[in-house]
Amino acid sequence: MTQLAKEAPDTQLELFKEFQLGAQHLSRILPAWDLLFPFLFSKTKTLPPETRVDQIPTATHSFATPTGIVKISVSPALMSARAKSPSKMVYAGEREELVAATLRALFARNEVEAIVEQVPAARPGETNSMIVLAFYIRQVRSELARTGHSFSHAEIDSALEVLAKTLFSLERIPDDGEPEVAPSIPYYHRYLKKGDKRVIYLNDIEASQIISGAYRSINSDLMLRLRSGLARWIYRYIHSEHRNAQKPDDTLLPPPCDISYSLLTERGVLQKTKTIVNALPRVRDALAQLADLGVLHTSAAAPRGFIEQQITEPTGGRRRIIDVIWHVYLSALDVQQIIMENAEAKYRKPDFRYQRPSWRVAQTEAARRELKTDLLPLPRAPNPASLLPARLFVKK
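Residues numbered from 1 in each chain as written. Predicted model: local features only at pLDDT ≥ 70, side-chain atom pairs only at ≥ 80, totals over all residues. Heavy atoms only, no water.

(A) View of the overall build of the protein chain. Per the secondary structure count, the protein chain includes 14 helices and 17 strands. Out of the 396 residues belonging to the protein chain, those deemed buried represent 47%. Counted over contacts in the protein chain with a minimum sequence separation of 6, partners at least 24 positions apart contribute 68%. When the accessible surface of the protein chain is totalled, it reaches about 20,500 Å², and 54% of it is carbon and sulfur. (Helix = DSSP H or I, 4+ residues; strand = E, 2+ residues; numbered from the N terminus. Buried < 20%, exposed > 50% of the residue type's maximum accessible area, 1.4 Å probe, protein only. Contact = heavy atoms within 4.5 Å. Areas by Shrake-Rupley, 256 points an atom, 1.4 Å probe, with all protein chains shown as cover.)

(B) Expanded view of the packing of aromatic side chains. All chains considered together, the criterion is met by 15 aromatic pairs. Consider the rings of phenylalanine 37 and phenylalanine 39, whose centres lie 4.8 Å apart with planes at 65°: the pair is edge-to-face. Phenylalanine 39 carries the same exposure label as phenylalanine 37, and that label is buried. Relative to tyrosine 237, the ring of tryptophan 233 lies with its centre 5.3 Å away and its plane at 15°, an arrangement referred to as stacked. Of this pair, tryptophan 233 and tyrosine 237 both sit in helix H9 (residues 229–241), 4 residues apart, which is roughly one turn of that helix. Tyrosine 237 matches tryptophan 233 in its accessibility class, with the two residues each being buried. Of the aromatic side chains, those joined through ring pairs into one cluster are Trp33, Phe37, Phe39, Phe168, Tyr187 and Tyr188. One Lys or Arg, arginine 190, reaches over the ring of tyrosine 201 and ends 4.7 Å from the middle of that ring. (Phe/Tyr/Trp six-rings, centres within 6.5 Å; stacked < 30°, edge-to-face > 60°. Lys NZ or Arg CZ within 6 Å of the ring centre and 35° of its normal.)

(C) Focus on the sheet that holds strand E13 (residues 197–202). A sheet is described by the order of its strands in space; here 4 strands give the open sequence E7-E8-E13-E12, paired in antiparallel fashion. On the outer flanks of this sheet lie strand E7 (113–120) and strand E12 (188–194), each paired with one strand and no other. Taken pair by pair, the neighbouring strands of this sheet meet at an average axis angle of 25°, ignoring direction. In the packing of helix H7 (residues 204–212) onto the sheet, the strands contacted are strand E8 (127–136), E12 and E13, and the crossing angle to E8 comes to about 95°. (Pairing = 2+ DSSP bridges. Axes fitted to C-alpha atoms, helices over the stretch in contact; angles between N-to-C directions.)

(D) Inspection of the packing of H9 against helix H11 (residues 280–292) at higher detail. Packing of H9 against H11 leaves a shortest axis separation of 9 Å and a crossing angle of 65°. The way H9 lies across H11 gives a crossing that is right-handed. Seen from H9, the contacting residues are Leu230, Ala231, Ile234, Tyr235 and Ile238; seen from H11, they are Arg282, Val283, Ala286, Leu287, Gln289 and Leu290. Grouping the amino acids of the contact of H9 with H11 by side-chain chemistry returns 9 nonpolar, 1 polar and 1 charged. (Left-handed = near helix turned anticlockwise from the far one by under 90°. Nonpolar A, V, L, I, M, F, W, Y, C, P; charged D, E, K, R; others polar.)

(E) Seen up close, the sheet that holds strand E17 (residues 320–328). Taken in spatial order, the 3 strands of this open sheet run E15-E17-E16, and their pairing is antiparallel. With partners counted over all chains shown, the strands left at the sheet margins are strand E15 (257–260) and strand E16 (306–313), one partner each. Pairs of neighbouring strands in the sheet enclose a mean axial angle of 25°, with direction left out of account. The pairing of E16 with E17 spans 8 bridges and is classified as antiparallel. In the strand pairing of E17, glutamate 308 is matched with tryptophan 326.

(F) Layout of the pattern of salt bridges. Going through the model one piece at a time under the given rule, you end up with 22 salt bridges. Its salt-bridge partner being arginine 360, residue glutamate 18 comes within 2.9 Å of it at the nearest N-O pair. Pair noted here: glutamate 18 is in helix H2 (residues 9–19) and arginine 360 is in helix H13 (residues 357–363), with a separation of 342 residues, a long-range link. The exposure classification of glutamate 18 matches that of arginine 360, with both residues buried. Taking the shortest distance from any N to any O, the salt bridge between aspartate 196 and arginine 138 comes out at 2.8 Å. Linking aspartate 196 in the loop between E12 and E13 with arginine 138 in helix H5 (residues 137–146), this pair joins segments that are 58 residues apart in sequence. Among the residues examined, arginine 138 registers a relative accessible area of 52% and is labelled exposed. (Salt bridge = Lys/Arg side-chain N within 4 Å of Asp/Glu carboxyl O.)

(G) How the structure looks around unusual backbone geometry. At asparagine 110, a residue that is not glycine, the phi angle is positive and equals roughly 60°. Mapping asparagine 110 onto the fold places it in the loop between helix H4 (94–108) and E7.

(H) View of the nonpolar core. Tyr188 and Ile234 are the most contacted members of the largest nonpolar core, which totals 91 residues. Looking at this core element by element, the count peaks at 8 residues for H4. Core analysis: the second largest hydrophobic core is formed by 5 residues, Ala23, Leu26, Met340 and Leu371 among them. (Core = buried A, V, L, I, M, F, W, Y, C linked by side-chain atoms within 4.5 Å.)

(I) Representation of the environment of serine 184 within the structure. Take serine 184: it is sitting in the loop between strand E10 (180–181) and strand E11 (185–186). The exposure class of serine 184 is partly exposed, given its relative accessible area of 49%. Separated by 18 residues in the primary sequence, serine 184 and threonine 166 place their C-alpha atoms 9.7 Å from one another. Setting aside anything within four residues of it in sequence, one finds serine 184 in contact with Phe168 and Ser169.

(J) Looking closely at the environment of tryptophan 33. With respect to the secondary-structure elements, tryptophan 33 resides in helix H3 (residues 31–34). A relative accessible area of 0% means that tryptophan 33 is categorised as buried. When the C-alpha positions of tryptophan 33 and glutamine 209 are compared, they lie 8.0 Å apart, and in sequence the two are 176 residues distant. With residues near it in sequence (within four places) discarded, tryptophan 33 still touches Arg104, Phe168, Tyr187, Asn203, Ile205 and Glu206.

Structure follows, in structure tokens:
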């Protein structure tokens, strides 16, 4: 039995108190999970109903880490036949990504019911700690609408079902040793519904990351208002991995956060193309979205907030592009946000895991308080009446 199961129920309350932030614009990101799972950010994500089982393609991606190769495979969800539609295979895409991120934001604001429940493990006599969320579809729909996304009740329900039926497997190939293959798990361990109410069991990876404190804060309002899944992934990556963030000044550019074409394709965020140049407009547009919301620092040296460096090699004729690196420069306000996120996460490092969550919360109270101030408030949506030309209202 896990240590958490042996402790008093108050420990669960402390655990969630540390995870939850309260402010409307804040949420949590789990880098070891959110940057790992490859949603399919492409137009084609449904296979025809006549597709045979042996013809179902699995989305597979591999990338190098300091300790070896990580291989990820994702199988589509088999959606049962409905009244007027046959059964079909559906990959988790942008709709599913938005619904999952929105549910996480509601959880981080303590707007959904959450408990830790013990479920039987693979080994006899052992249990795993699972996090269970109970909520209403209308809560998710309302939050999506607030951040500029209009999904129906049926679409949100379908997205949750796709996530619960999407299988994810992980294989580690160390530099020295035998490959380690983990059993396939669904994105959501279990999905139950009764009327408008829904119950979600988070999978083992996501639950263990939350219980161990392996998460960071993020401005979910800003992230969810980015128009593309690629832009949202880049924003998550910057706030998870850019540890050398420094505020810009008038004369020198700060250290950039480098995003490469090879990184995006290895993580499955961007589909490989025969010619790299065809994929460049999508990345440029994603970075432009970040610049529009004040995330990037523009200057004479980097007027768009980033510098594009193309890596080429000679051929018989024109040089061929083999990779592209975007050196991304962050605005002073976004750097300040990252600094506060680092301070809030400081006492969740392994050195402090033995401490009670309430102690860690007390040590980071100042950072948590500062995070509640939205440094990059989004522009207000214009009043429809203000868009009407003034000439239509001629004074008599």
